[in-house]
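# Architecture and fold: a report
For reference, the chains in residue letters:
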Amino acid sequence: GDLDKVVNLLLSLSGRLARVESALGSLGPHAPAEDKLALREKQRLLVAQLEDAKELKEHVGRREEAVGAMVARYLPPEHLQDYQHFVKMKSALIAEQRELEEKIKLGQEQLRCLRESL
């Protein structure tokens, strides 16, 4: 459960940071200084939060290793391999699910914009 939460947090923060950086990049030279300042402050806060989330993921990783060592004492080798595969795949599948959700969201937004332009 903690792994799910941390992976989702990392994905959310990195997505928000990418959107802020994109917004910063799209600001023209004549954009109001307060807009640039607000976006830079948001970027700074997101970078700090992302670093904290990475530390949290490392902590969860260490705890996962400790749990894995404990589980290894009680499971036969074939079940242990299944458990290890499950834990590895879970993070990858969460990231893939999040990516697909973002693509669906983007597609829906583009569709809405196309309908409005017609």
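Because the structure is predicted, anything quoted here is derived from the model rather than measured. (Residues numbered from 1 in each chain as written. Predicted model: local features only at pLDDT ≥ 70, side-chain atom pairs only at ≥ 80, totals over all residues. Heavy atoms only, no water.)

### Describing the overall build of the protein chain
- When helices and strands are counted, the protein chain shows three helices and zero strands.
- Ordering the α and β elements of the protein chain from the N terminus gives α-α-α.
- Taken against the 2.2 N^0.38 rule, which gives 13 Å for 118 residues, the C-alpha radius of gyration of the protein chain at 20 Å runs more than 25% over that of a compact globule.
- C-alpha extents for the protein chain along the principal axes are approximately 65 × 35 × 15 Å.
- Buried residues in the protein chain amount to 17% of all 118 residues.
- Carbon together with sulfur atoms contributes 58% to the accessible area of the protein chain, which is approximately 9100 Å² in total. (Helix = DSSP H or I, 4+ residues; strand = E, 2+ residues; numbered from the N terminus. Rg over C-alpha atoms; globule rule 2.2 N^0.38 Å. Buried < 20%, exposed > 50% of the residue type's maximum accessible area, 1.4 Å probe, protein only. Areas by Shrake-Rupley, 256 points an atom, 1.4 Å probe, with all protein chains shown as cover.)

### Some remarks on the environment of Val7
- Along the chain, Val7 turns up in helix H1 (residues 2–26).
- Residue Val7 is classed as buried on the basis of its relative accessible area, which comes to 7%.
- Between the C-alpha atom of Val7 and that of Lys57, which follows or precedes it by 50 residues, the distance is 7.6 Å.
- Beyond its immediate chain neighbours, meaning those up to four positions away, Val7 contacts Ser91, Ile94 and Ala95. (Contact = heavy atoms within 4.5 Å.)

### So, the UniProt feature "domain: ASD2" (unreviewed entry) in the protein chain
- In the numbering adopted here, UniProt assigns the feature "domain: ASD2" (unreviewed entry) to residues 1–118.
- Split by type, residues 1–118 is 92% helix and 0% strand. Its first and last C-alpha atoms lie 45 Å apart. (UniProt positions renumbered as here; feature names shortened; annotations may be inferred.)

### Quick word on a positive patch on the surface
- Positive charge collects at one region of the surface, where Arg16, Arg19, Lys42 and Lys105 lie side by side.
- Here Arg16 shows up in helix H1. (Patch = residues over 30% accessible without salt bridge, like charges linked within 9 Å, V, L, I, M, F, W, Y side chains within 5 Å. Salt bridge = Lys/Arg side-chain N within 4 Å of Asp/Glu carboxyl O. Lys, Arg positive; Asp, Glu negative; His and termini not counted. Charge placed at Lys NZ, Arg CZ, Asp CG, Glu CD.)

### Quick word on the packing of helix H2 (residues 33–74) against helix H3 (residues 77–117)
- As a packed pair, H2 and H3 sit with axes 10 Å apart at the nearest point and diverge in direction by 160 degrees. Put simply, H2 runs roughly antiparallel to H3. Classified by chirality, the crossing of H3 by H2 is right-handed. The residues of H3 that touch H2, namely those facing Glu64, Val67, Gly68, Val71 and Ala72, are Leu80, Tyr83 and Val87.
- Of the residues contributing to the contact of H2 with H3, the split by class is six nonpolar, one polar and one charged. (Axes fitted to C-alpha atoms, helices over the stretch in contact; angles between N-to-C directions. Parallel < 35°, antiparallel > 145°, perpendicular 65-115°, else oblique. Left-handed = near helix turned anticlockwise from the far one by under 90°. Nonpolar A, V, L, I, M, F, W, Y, C, P; charged D, E, K, R; others polar.)

### Brief notes about the pattern of salt bridges
- Taken as a whole and assessed by the stated rule, the structure comprises five salt bridges.
- The partner of Asp2 in a salt bridge is Arg63, with the nearest N and O atoms 2.1 Å apart. One end of the pair, Asp2, is in helix H1; the other, Arg63, is in helix H2, and 61 residues separate them in sequence.
- Asp2 sits in the partly exposed class, given a relative accessible area of 34%.
- For Arg63, a relative accessible area of 38% puts it in the partly exposed group.
- A salt bridge links Glu51 to Lys54; its shortest N-O distance comes to 3.8 Å. Residue Glu51 and its partner Lys54 are both found in helix H2; the two are separated by three residues, about one turn of the helix.
- Glu51 gets classed as partly exposed once you look at its relative accessible area, which sits at 41%.

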